[in-house]
Amino acid sequence: MYNISEWDHVFKLDPNKTITDAELKKICTSGTDAIIVGGTDGITFENVMDLQERIEAYDISFVLEVSDIEAITLGFDAYFIPLVLNSGDKKWMIDVQHQAIKEYADVIEWEDMLPEGYCVLNPEAKVFKRTDCSLPDYEDVLAYARMAEHIFRLPVFYMEYSGTYGNPGLVKDVARELKNTSLVYGGGITSEEQASEMAAYADVIVVGDVIYDNLEVALKTVEAVKSMKMKDGGPS
Ligand code: 1GP
């Protein structure tokens, strides 16, 4: 299975947003560990393919986080498959994945797939609404993390605060629960301080929107996370 244990920091690029060639170059040569291509709205085969072809020019690992089965292109290093643990609709935990496997089983390289246990924690996020989530409380989140680790044995537990900065205390407590499952944190990182605060607990930090709002700040989060991880006991 695709392995993210070497990752500390990744950028998430949205195929439905505009990025210039010069900006993309800065992102791909920033020292980040990988690029995730993913988003919630307006994801099409064409805009995924376009972004993929532009990233391929760089020597960086790039993966597709699948959000729409009509928008899957071949050639990514890996495919991340979200299972939304706090969705109220089993569609987002098992049915869309089941449908995708029925359609694509013949071309799927199973070792390139990485299931992610998603826990969506910002009620204002598009993904929260789209996947019919309910807001888990502190104990609920810890229980989802334990399920990811011990019941489903998922490689990734993703605390998704998309669009808002999360609760570092909760991220810290979730981190304590996870041994074999990697903890990915994403949401609302708009400064080096926030990036390094979350990097103290999560295995991987995902930086998204600030790329489009303030590229220079986004780029600085790479160094902030890398130096936090060095302090924490060397590269993870
Ligand atoms: C979104 O977790 C990522 O899926 C990153 O969140 O866009 O808020 O940085 P932001």
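Every value quoted in this text rests on a predicted model; they were computed, and no experiment measured them.

Draft legend 1. Structural context of the nonpolar core. The biggest cluster of nonpolar side chains holds 55 residues, and the ones touching the most others in it are Ile-35, Ile-55, Phe-157, Met-159, Val-174, Tyr-185 and Ile-205. In terms of residue count, helix 9 (residues 215–231) provides more of this core than any other element does, 7 residues in total. Every residue in contact with Met-159, bar those within four places of it in the chain, is listed here: Cys-119, Leu-121, Val-141, Leu-170, Val-171, Val-174, Leu-183, Val-184, Tyr-185 and Gly-186. By size, the runner-up hydrophobic cluster in this structure holds 23 residues, among which are Trp-7, Ala-78, Trp-92 and Val-204.

Draft legend 2. Quick look at helix 6 (residues 168–177). Among the residues making up helix 6, those that are buried are Pro-168, Leu-170, Val-171, Asp-173 and Val-174. Of the surrounding elements, those touching the buried residues of helix 6 are helix 5 (138–151), strand 6 (156–160), strand 7 (182–186) and helix 7 (192–199). At the N-terminal end of helix 6, a side-chain oxygen is found 2.8 Å from the backbone nitrogen of Gly-169, two or three residues along, and the residue is Asn-167.

Draft legend 3. Region of the structure containing the site of the ligand. In the region of the ligand, the neighbouring residues are Lys-12, Tyr-158, Glu-160, Ser-162, Gly-163, Gly-186, Gly-187, Gly-188, Val-206, Gly-208 and Asp-209. A distance of 2.7 Å is found between an oxygen atom of the ligand and a side-chain nitrogen or oxygen belonging to Tyr-158. Between the ligand and Gly-188 there is a distance of 2.8 Å, counted from an oxygen atom to a backbone nitrogen or oxygen. By residue class, the composition of the shell around the ligand is 2 nonpolar, 6 polar and 3 charged.

Draft legend 4. Structural detail: helix 5. Between its first and last C-alpha atoms helix 5 spans 19 Å; for 14 residues at 1.5 Å apiece the expected length is 20 Å, and the two agree. Among all positions in helix 5, only Val-141, Leu-142, Ala-145, Ala-148 and Glu-149 are buried. Viewed end-on, helix 5 has its buried residues packed into an arc of 120°, placing them on one side of the element. Across helix 5 from its buried face, at more than 90 degrees, point the exposed residues Glu-139 and Ile-151. At the exit of helix 5 stands Arg-153, carrying a positive phi of roughly 50°.

Draft legend 5. Structural view of the environment of Pro-123. If you trace the backbone, Pro-123 turns up in the loop between strand 5 (113–120) and helix 4 (126–130). Assessed through its relative accessible area of 34%, Pro-123 is described here as partly exposed. Considered as a pair, Pro-123 and Leu-183 are 60 residues apart in the sequence and their alpha carbons are 20 Å apart. Setting aside chain neighbours within four positions, we find Pro-123 in contact with Phe-128, Lys-129 and Leu-135.

Draft legend 6. Region of interest: the packing of helix 7 against helix 9. Relative orientation of the contacting elements helix 7 and helix 9 amounts to 35°, with a least axis distance of 8 Å. Handedness of the crossing formed by helix 7 with helix 9: right-handed. Side by side, helix 7 and helix 9 meet where Glu-192, Ala-195, Ser-196 and Ala-199 of the first sit next to Lys-220, Thr-221, Ala-224, Val-225, Met-228 and Lys-229 of the second. Split into classes, the residues belonging to the contact of helix 7 with helix 9 amount to 5 nonpolar, 2 polar and 3 charged.

Draft legend 7. Structural detail: the sheet that holds strand 5. The strand order around the closed barrel formed by 8 strands is 1-2-3-4-5-6-7-8, and the pairing between neighbours is parallel. Put simply, the sheet's adjacent strands are angled 30° from each other on average, direction ignored. The sheet contact formed by strand 3 (residues 61–65) and strand 4 (residues 78–84) spans 3 bridges and is parallel. The residue bridging Val-63 from the neighbouring strand is Ala-78, located in strand 4.

Draft legend 8. Focus on unusual backbone geometry. Its identity is not glycine, yet Asp-132 carries a phi of approximately 55°, on the positive side. Tracing the sequence through the fold places Asp-132 in the loop between helix 4 and helix 5. Judged by its relative accessible area of 40%, Asp-132 is partly exposed. Positioned with a positive phi, Arg-153 is a non-glycine residue whose angle comes to about 50°. For Arg-153, a relative accessible area of 66% corresponds to the exposed category.

Draft legend 9. Layout of the pairing of strand 3. Among the 5 residues in strand 3, 4 count as buried, and that is most of the element. The sheet contact formed by strand 2 (residues 34–37) and strand 3 spans 4 bridges and is parallel. Along strand 3, the bridge assignment pairs Ile-36 with Val-63. One crossover worth recording links strand 2 to the parallel strand 3 by way of helix 2 (residues 45–55), and it is right-handed.

What counts as what
Residues numbered from 1 in each chain as written. Predicted model: local features only at pLDDT ≥ 70, side-chain atom pairs only at ≥ 80, totals over all residues. Heavy atoms only, no water. Core = buried A, V, L, I, M, F, W, Y, C linked by side-chain atoms within 4.5 Å. Buried < 20%, exposed > 50% of the residue type's maximum accessible area, 1.4 Å probe, protein only. Helix = DSSP H or I, 4+ residues; strand = E, 2+ residues; numbered from the N terminus. Contact = heavy atoms within 4.5 Å. Polar contact = N/O pair within 3.5 Å; in protein donor to acceptor, adjacent residues only side chain to side chain. Near = heavy atom within 4 Å. Nonpolar A, V, L, I, M, F, W, Y, C, P; charged D, E, K, R; others polar. Expected span 1.5 Å × (residues − 1). Arc of directions from axis to C-beta. Axes fitted to C-alpha atoms, helices over the stretch in contact; angles between N-to-C directions. Left-handed = near helix turned anticlockwise from the far one by under 90°. Pairing = 2+ DSSP bridges. Right-handed = clockwise from strand over helix to strand, strands pointing away.

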